[in-house]
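A look at the structure
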Amino acid sequence: MAQKTKVIVTGGAGFIGSNLVDALLERGMTPIVVDDLSTGERKNVDQSAVMYRQDIRDIVGLEEIFKAYRPTYVFHLAAQISVSRSVREPVYDEEVNIKGILNVLELSVKYGVKKFIFSSSGGVMYGENPEVFPTPETTCPDPVSPYGIAKLSGEKYLNFYGKEKGLRYTVLRYGNVYGPRQSPDGEAGVIAIFAKKMLKGAPVTINGDGEYIRDYIYVRDVVEANLLALEKGDGEIFNIGTGIGKSVNDVFNALREHISYDSDPIYGPPRPGDLRKSVLDISHAQKILGWKPVYSFENGLGETVDFFRKNV
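What this report covers is the structure whose coordinates are included nearby.

When helices and strands are tallied, the protein chain shows 11 helices and 13 strands. Taking 312 residues into account, the globule formula puts the C-alpha radius of gyration at 20 Å, and the protein chain, at 19 Å, falls close to it. Principal-axis analysis of the C-alpha atoms gives the protein chain an extent of 55 × 45 × 40 Å. Sequence-distant contacts in the protein chain: of pairs separated by 6 or more residues, those separated by 24 or more amount to 79%. Here the protein chain displays about 13,800 Å² of accessible surface, and carbon together with sulfur accounts for 48% of that area. With 37 positive and 40 negative side-chain charges, the protein chain shows a spacing of 5 Å between the two charge centroids.

And the structure:
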């Protein structure tokens, strides 16, 4: 009987990571989930996956897992994911998002990982005023938050490990990912936050004027991009979005219709570190990965609302 391909998924108990773990299991692979459960939840992880509660900042504990399984692939999703927290606590953000990826990279080289797929951020990578919308990967990065700076650092370290250590890799710069299992209780994920409040009939607060524009991409489309990156796009960076911008007000109104919520939003102060507009050009991913989103915003929103109806 052929041995199953072993795959480490850091952050695999989180929102995107756990959806990826499900897809890897469907493909007949063996996902090894590494997650400290600071934001991920054990219940997100399929019982047939291997699960370790492990902080990526602890290279000693992390090495035990690499040594035991010697994975063929690594998907690195573990991160401090809040832009506003990175603004408040830049040192903590650096410890997780820069030191963390360096630990995983060192062990990937040491234990002969075939390829490393990194979850980066298109939503923060291009700064406040890129010249082109939708914005292509060729735009000079200009992140303004510590979160974005750390993601760019991770990309640069990957380039180094690729050139100097021979590590194959692909970088995926996500837009604003949404879908089932996204936490409605943190600062990230406006769709999850709004959906939970609307379903409970609670007031909904919009930060600022609601005209912050984002490229919302459904989680299953993001998972498909990760799977395609196993075999394609070596040494390259890809935007993973829709190329379509929607405001927070647009999101509120679309959700209100899905849920039949009858209250108006409350407008509060803007959040520190938030960009006014981010929309991604995805033509490079279409050309090289053969990827494009298959879920419309309405269909993705419908599945997300259905999930929260059952789970909130």
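Here is the key point about a regular strand: its side chains alternate between the two faces of the sheet. Within strand β6 (residues 169-174), 6 of the 6 residues are buried, which leaves the element mostly enclosed by the surrounding structure. Residues Y169, V171 and R173 point to one face of β6 and T170, L172 and Y174 to the other, with burial holding for every one of them. By the bridge criterion, 6 bridges tie strand β5 (residues 115-121) to β6 in an arrangement that is parallel. Each bridged residue has a counterpart across the sheet, and for F116 the counterpart in β6 is Y169. When β6 meets strand β11 (residues 236-240), the two strands line up parallel, connected through 5 bridges.

Turning next to unusual backbone geometry. Cis geometry is found at the peptide bond from F133 to P134, where omega equals -10 degrees. Locating P134 in the fold gives a position in the loop between α5 (122-125) and α6 (146-165). The phi angle at R181 is positive, at roughly 80 degrees, despite the residue not being glycine. Turning to its location among the elements, R181 is positioned in the loop between β7 (176-178) and α7 (190-199). The class of R181 is partly exposed, set by a relative accessible area of 24%.

What the rule picks out here adds up to 10 aromatic pairs. Between the aromatic rings of F160 and Y161, the centroid separation amounts to 5.3 Å while the plane-to-plane angle is 90 degrees, which identifies the pairing as edge-to-face. Its relative accessible area of 4% is what places Y161 among the buried residues. Stacked on the ring of F133, the Lys or Arg K277 has its end atom at 4.3 Å from the ring centre.

Before going further, it helps to spend a moment on the sheet that holds strand β2 (residues 30-35). Spatial strand order, β3-β2-β1-β4-β5-β6-β11: 7 strands in an open sheet with parallel pairing. On the outer flanks of this sheet lie β3 (50-53) and β11, each paired with one strand and no other. Across the sheet, the mean angle separating the axes of adjacent strands is 20 degrees when strand polarity is ignored. The strands touched by helix α1 (residues 15-26) are β1 (6-10), β2, β4 (73-76) and β6; relative to β1, the strand with the most contacts, the crossing angle is about 170 degrees.

So, on to the pattern of salt bridges. Counted under the stated rule, the structure contains 13 salt bridges. With a closest N to O distance of 3.4 Å, R57 and E95 form a salt bridge. Of this pair, R57 sits in the loop between β3 and α2 (59-69) while E95 sits in helix α4 (residues 90-110); the two residues are 38 residues apart in sequence, bridging distant segments of the chain. R85 is the partner of E89 in a salt bridge, and the nearest nitrogen-oxygen pair spans 3.1 Å. The exposure class assigned to E89 is partly exposed, which follows from its relative accessible area of 31%. Among the ionic contacts, a cluster of salt bridges with common partners joins D55, R57 and E95.

Cut-offs and rules
- Residues numbered from 1 in each chain as written.
- Predicted model: local features only at pLDDT ≥ 70, side-chain atom pairs only at ≥ 80, totals over all residues.
- Heavy atoms only, no water.
- Helix = DSSP H or I, 4+ residues; strand = E, 2+ residues; numbered from the N terminus.
- Rg over C-alpha atoms; globule rule 2.2 N^0.38 Å.
- Contact = heavy atoms within 4.5 Å.
- Areas by Shrake-Rupley, 256 points an atom, 1.4 Å probe, with all protein chains shown as cover.
- Lys, Arg positive; Asp, Glu negative; His and termini not counted.
- Charge placed at Lys NZ, Arg CZ, Asp CG, Glu CD.
- Buried < 20%, exposed > 50% of the residue type's maximum accessible area, 1.4 Å probe, protein only.
- Pairing = 2+ DSSP bridges.
- Phe/Tyr/Trp six-rings, centres within 6.5 Å; stacked < 30°, edge-to-face > 60°.
- Lys NZ or Arg CZ within 6 Å of the ring centre and 35° of its normal.
- Axes fitted to C-alpha atoms, helices over the stretch in contact; angles between N-to-C directions.
- Salt bridge = Lys/Arg side-chain N within 4 Å of Asp/Glu carboxyl O.

So far we have only geometry, and geometry alone does not tell us how the molecule works.
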